[in-house]
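Structural features, examined
Here is how the chains run, residue by residue.
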Amino acid sequence: MTATIALVDDDRNILTSVSIALQAEGFLTRVYSDGEAALKALADNPPDLAIFDIKMPRMDGLELLRRLRERQSTPVIFLTSKDDELDEALGLAMGADDYIAKPFSQRLLIARIRAILRRAEPLQPAGAGGEPTAETLVRGRLAMDPARHRVLWDNEPVTLTVTEFLILETLAQRPGVVKTRNQLMDAAYQDDIYVDDRTIDSHIKRVRRKFRGVDPEFDAIETLYGAGYRFSEE
């Protein structure tokens, strides 16, 4: 099935050039020139992946992501300026899947899009019904079903992005074993895509915040300072 990519940017040159490049790679594209115009359209008809510019009038990319995340977990890539480090950190903490700095190579952007879409493939249903699949990972109060991209804590659903899901799954597969940031990067970011330590830390904070939304006492993800993270054996 052909993937649909939504582009949201107030720079029409970027909208046009990126849209043409994506269409040449076989993607369908939808373009929006500001966040307000995009919000309702994306909420009503979610794309397979969205690309947001951070700096936009009327509604910037951060606010668009915040409001979109209240309704869905569509993978999102941020376009940022080189001096937007704080905005990058905020975006990742809010659940963005990746970011790329302007000016950027369209070839690099397309590579990152393909990597995220490949990671999103488990979002496709495994079949009818709500029964757990044979691949369901159960660790105490946690249940993860990769085939349906479903996460439960004490039987309460927790909505994670694709990247967040992969990080948690990597930790939960071996409770008590410390995973370094590099190991978590390798699990969540394939195809030689570079991310720094701050990216993983931001995702971990986001995952904890989501679980504490259903269980304020959630502490199953432990930080080992100077070493990495682990999933509690208890």
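This write-up is about the structure you can find in this document.

About the thresholds
Residues numbered from 1 in each chain as written. Predicted model: local features only at pLDDT ≥ 70, side-chain atom pairs only at ≥ 80, totals over all residues. Heavy atoms only, no water. Phe/Tyr/Trp six-rings, centres within 6.5 Å; stacked < 30°, edge-to-face > 60°. Helix = DSSP H or I, 4+ residues; strand = E, 2+ residues; numbered from the N terminus. Buried < 20%, exposed > 50% of the residue type's maximum accessible area, 1.4 Å probe, protein only. Pairing = 2+ DSSP bridges. Contact = heavy atoms within 4.5 Å. Axes fitted to C-alpha atoms, helices over the stretch in contact; angles between N-to-C directions.

Looking now at the packing of aromatic side chains. Enumeration over the complete set of coordinates arrives at 4 aromatic pairs. Geometrically, the ring pair formed by Trp153 and Phe211 is edge-to-face, given 5.7 Å between the ring centres and 90° between the ring planes. Separated by 58 residues along the polypeptide, Trp153 in strand 8 (residues 150-153) and Phe211 in helix 8 (residues 197-212) bring together distant segments of the chain. Comparing Trp153 with Phe211, the two get one shared label, buried.

A few words now on the sheet that holds strand 7 (residues 142-145). One open sheet accounts for 4 strands, arranged 6-7-8-9; its pairing is antiparallel. The open sheet has two edge strands with one neighbour each: strand 6 (137-139) and strand 9 (156-157). Inspection of the sheet shows strand 6 paired to strand 7 by 3 bridges, in the antiparallel sense. Among the inter-strand pairings, Arg139 is bridged to a residue of strand 7, identified as Leu142. On top of the sheet, helix 6 (residues 162-173) reaches strand 6, strand 7 and strand 8; it is set at about 120° to strand 7, its chief contact.

Take unusual backbone geometry next. Across residues other than glycine, the phi torsion is negative in most instances, and most of the peptide bonds are trans. Notably, Arg58 is not glycine yet its phi reads approximately 70°, a positive angle. Mapped onto the secondary structure, Arg58 falls in the loop between strand 3 (49-53) and helix 3 (61-69). Judged by its relative accessible area of 61%, Arg58 is exposed. The backbone of Asn155 shows a phi angle near 65°, a positive value even though the residue is not glycine. By the element assignment, Asn155 lies in the loop between strand 8 and strand 9. For Asn155, a relative accessible area of 68% corresponds to the exposed category.

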